[in-house]
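So you can see what is in the structure, the chains are spelled out below.
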Amino acid sequence: MSNFIPGQPLVAVVQRIEIKKLRQGDNLILGFSIGGGIDQDPGQNPFSDDKADKGIYVTRITPGGPAETADLRMGDKIMQVNGYDMTMMTHDQARKRLTKKNEDVVRLLVTRKSLEEAVKNSMGGYQRQ
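Residues numbered from 1 in each chain as written. Predicted model: local features only at pLDDT ≥ 70, side-chain atom pairs only at ≥ 80, totals over all residues. Heavy atoms only, no water.

Draft legend 1. Examining the pairing of strand β4 (residues 32-36) more closely. Along β4, four of the five residues are buried, which leaves the element largely enclosed by surrounding structure. Alignment of β4 against strand β5 (residues 56-61), held across five bridges, turns out to be antiparallel. Within β5, the position partnered with F32 by the bridge is I61. (Buried < 20%, exposed > 50% of the residue type's maximum accessible area, 1.4 Å probe, protein only. Helix = DSSP H or I, 4+ residues; strand = E, 2+ residues; numbered from the N terminus. Pairing = 2+ DSSP bridges.)

See below:
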């Protein structure tokens, strides 16, 4: 049984993050690693409450790297990359989408637990124990 009530808005708080890739020789560096994907075991994802969630999550941030500079955080769920939906991708498809050689800038749409909690609290919602 879900909490979704038809006609009621779903709360999904998103943040836009723009990362300028760092060029090192022939490589373009983003400075973060991902986990998840529709081909992975969602039970192994330490960042999702819903163990059926097969989304793409940020699992590691390189200190001082482009992602940290752009305020991407561990545990962020990547919803879009440069306008492409990331919610139903395999791990490899997501990695390829992020590391395209002809793109110097990556524009992400992410959801972040702390953002969702802040909105729930501001709406007079309750906090889960």
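Draft legend 2. Examining the pairing of strand β8 (residues 105-111) more closely. Of all seven residues in β8, five are buried; the element is thus mostly enclosed. The sheet contact formed by strand β1 (residues 14-20) and β8 spans seven bridges and is antiparallel. What sits directly across from K20, in β8, is V105. Two strands pair when backbone bridges link them, and strand β6 (residues 77-81) and β8 are joined in this way by four bridges, in the antiparallel orientation. Within β8, the residue paired with Q80 across the bridge is L109.

Draft legend 3. Spatial organisation of the environment of R16. Along the chain, R16 turns up in strand β1. Residues R16 and A70, 54 residues apart in the sequence, show an inter-C-alpha distance of 9.9 Å. Setting aside residues up to four positions removed in sequence, R16 forms contacts with L108 and L109. (Contact = heavy atoms within 4.5 Å.)

Draft legend 4. Spatial organisation of the side chain of N45. In this fold, N45 is placed in the loop between β4 and β5. Looking at N45, the relative accessible area reads 8%, which means it is buried. Of the polar contacts made by the side chain of N45, one reaches the backbone nitrogen of F47; its length is 2.7 Å. If sequence neighbours within four positions are ignored, N45 has contacts with K51 and Y57. (Polar contact = N/O pair within 3.5 Å; in protein donor to acceptor, adjacent residues only side chain to side chain.)

Draft legend 5. Broad picture of the nonpolar core. Among the nonpolar cores identified, the biggest contains 19 residues, and I19, F32, L72, I78, L98 and L108 are the most heavily contacted of them. Of all the elements in the fold, those that place two or more residues in this core are β1, β4, β5, β6, α2 (91-98) and β8. (Core = buried A, V, L, I, M, F, W, Y, C linked by side-chain atoms within 4.5 Å.)

Draft legend 6. Fine view of the packing of aromatic side chains. All told, the structure shown has one aromatic pair when counted by the stated rule. Between F47 and Y57 the ring centres are 6.5 Å apart and the planes differ by 20°, which places this aromatic pair in the stacked class. Of this pair, F47 sits in the loop between β4 and β5 while Y57 sits in strand β5, placing them ten residues apart in sequence. Across this residue pair, the class does not change: F47 and Y57 are buried. The side chain of R97 reaches across the aromatic face of Y84, ending 3.6 Å from its centre. (Phe/Tyr/Trp six-rings, centres within 6.5 Å; stacked < 30°, edge-to-face > 60°. Lys NZ or Arg CZ within 6 Å of the ring centre and 35° of its normal.)

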